[in-house]
Amino acid sequence: MTEAILLVGGKGTRLRPLTVHTPKPMVPAAGVPFLTHQLARARAAGVDHIVLATSYLAEVFEPYFGDGAALGLHIEYVTEEEPLGTGGALRNVASRLHSGPEDPVLVFNGDILTGLDIRALVATHESTGADVSLHLTQVTDPRAYGLVPTDDTGRVLAFLEKPQTPEEIVTDQINAGAYVFRRSVIDTIPAGRPVSVERETFPGLLAAGAHLQGMVDSTYWLDLGTPAAFVRGSADLVLGRAPSPAVPGRCGDRLVLPTATVAADAKLTGGTVVGEGAFVAEGASVFGSTILPGAVIEPGAVVTDSLIGSRARVGERTVLTGTVVGDGAVVGADNELRSGVRVWCDARIPAGAVRFSSDQ
């Protein structure tokens, strides 16, 4: 197994404003674009050729990763003129694959942080003779996901839409977004139109009698689709809870990039990342948060479980909890923003303008 397809064409709508100027896979997690972690883990599993299926802001990927040589990879780029969905994207890049009809091709979604044993998934695929093998993970509350029940041998029995009633929850296994395809199966996906592997390809294969194999691997798994999840994923990478050979430093409570400046008495904990050229002033406290390049945290500010965009500024004594501040935005002094607030790129919030408690 030597090649893989990474699906990185999504618009990252749920992550806005982080994705206004940056495609989701290129938003920094633990100091580097999230995609870097996926590429490094694929390389560590023996992959050497990767095709990136791009669409939204496609022009930013190649200038950063080039031909992939720095990561020990050969990377190619294919851009969709119109979004084609997960299946359509696979079919659109098929001509770039080197594999023969019976060879395995790995497929990854570009927004999943996982500790999946990639080699074990490929081994399962080959030992069972499957047409497609799926990484499945077990979740406590599967209502937000499509369910994938399997038999005693791991063979997939059905693909069930998000359950609406307790009776419909027949398993806690969900599609975790990583697959191994027999190359010939990719070539059967209709070309030139949007196709969803989850809603069309997989159910169609099952109905046609194909062998779809599930492998349950319930190590670390996180869908980074929301700002809260993305911040948590970055912190988990820094803390060492999520494995990646691409974290640019030792795992621990904090990761401060080389050109960042942090005051001696500032407190950084909980897997906080301070990006290149960022500044954290005296008396500031930052817990479990990501401070992107060039951002400024002013004296006495308290930032918890939040993401501060590139060149953004958080004013003195301002308290942020579960907040996203877009690129170039300014949150003035003595504000108080709580969970779920998204400050748009280049917005300006005056000093003392937003609070959830008294100003006394």
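Residues numbered from 1 in each chain as written. Predicted model: local features only at pLDDT ≥ 70, side-chain atom pairs only at ≥ 80, totals over all residues. Heavy atoms only, no water.

- Named according to an unreviewed UniProt entry, the chain is NDP-sugar synthase originating from Streptomyces pyxinicus.
- UniProt's Sequence similarities (unreviewed entry) comment on the chain is quoted here verbatim: "Belongs to the transferase hexapeptide repeat family." (UniProt positions renumbered as here; feature names shortened; annotations may be inferred.)

**Section: the sheet that holds strand E21 (residues 307-308)**
Now for step 1: One open sheet holds the six strands; their spatial order is E12-E15-E18-E21-E24-E27, and the pairing between them is parallel. A strand with exactly one partner marks an edge of an open sheet, and here the two such strands are strand E12 (254-256) and strand E27 (342-343).
Now for step 2: Summarising the sheet, strand E15 (residues 272-274) and strand E18 (residues 290-291) pair through two bridges and their orientation is parallel. For Val 273, the partnering residue across the bridge sits in E18 and is Thr 290.
Now for step 3: Helix H7 (residues 227-239) rests against E12, E15, E18, E21, strand E24 (324-325) and E27 of the sheet, and its axis sits at about 90° to E15. (Pairing = 2+ DSSP bridges. Helix = DSSP H or I, 4+ residues; strand = E, 2+ residues; numbered from the N terminus. Contact = heavy atoms within 4.5 Å. Axes fitted to C-alpha atoms, helices over the stretch in contact; angles between N-to-C directions.)

**Some details on the UniProt feature "domain: Mannose-1-phosphate guanyltransferase C-terminal" (unreviewed entry) in the chain**
Now for step 1: Following the UniProt record, one finds the feature "domain: Mannose-1-phosphate guanyltransferase C-terminal" (unreviewed entry) at residues 252-333.
Now for step 2: End C-alpha to end C-alpha, residues 252-333 measures 30 Å, and it is 0% helix and 41% strand.

**Digging into H7**
Now for step 1: With 13 residues, H7 extends 18 Å between its outermost C-alpha atoms, agreeing within 8% with the 18 Å of an ideal straight helix rising 1.5 Å per residue.
Now for step 2: Within H7, 10 of the 13 residues are buried, leaving the element largely enclosed by the surrounding structure.
Now for step 3: Among the residues of H7, those classed as buried are Pro 227, Ala 229, Phe 230, Val 231, Gly 233, Ser 234, Ala 235, Asp 236, Leu 237 and Val 238. (Expected span 1.5 Å × (residues − 1). Buried < 20%, exposed > 50% of the residue type's maximum accessible area, 1.4 Å probe, protein only.)

**A look at the side chain of Asn 109**
Now for step 1: Relative to the helices and strands, Asn 109 resides in strand E6 (residues 104-109).
Now for step 2: Note on Asn 109: relative accessible area 14%, which makes it buried.
Now for step 3: Beyond its immediate sequence surroundings of up to four residues, Asn 109 is in contact with Leu 7, Gln 38, Thr 86, Gly 177, Tyr 179 and Glu 198.

**A word on the UniProt feature "domain: Nucleotidyl transferase" (unreviewed entry) in the chain**
Now for step 1: As recorded in UniProt, the feature "domain: Nucleotidyl transferase" (unreviewed entry) lies at residues 4-236.
Now for step 2: For residues 4-236, the end-to-end C-alpha separation is 25 Å, with 26% helix and 23% strand making up the annotated structure.

**Details of helix H6 (residues 197-207)**
Now for step 1: Within H6, the full set of buried residues consists of Val 197, Thr 201, Phe 202 and Leu 205. End-on view of H6: buried residues confined to an arc of 85°, all on one side of the axis. Those residues of H6 that are exposed and aimed more than 90 degrees away from the buried face are Arg 199 and Ala 207.
Now for step 2: Directly after H6, the chain includes Gly 209, whose backbone phi takes a positive value near 90°. (Arc of directions from axis to C-beta.)

**Describing the side chain of His 125**
Now for step 1: Checked against the element boundaries, His 125 lands in helix H4 (residues 118-128).
Now for step 2: Overall, His 125 belongs to the buried group, its relative accessible area being 4%.

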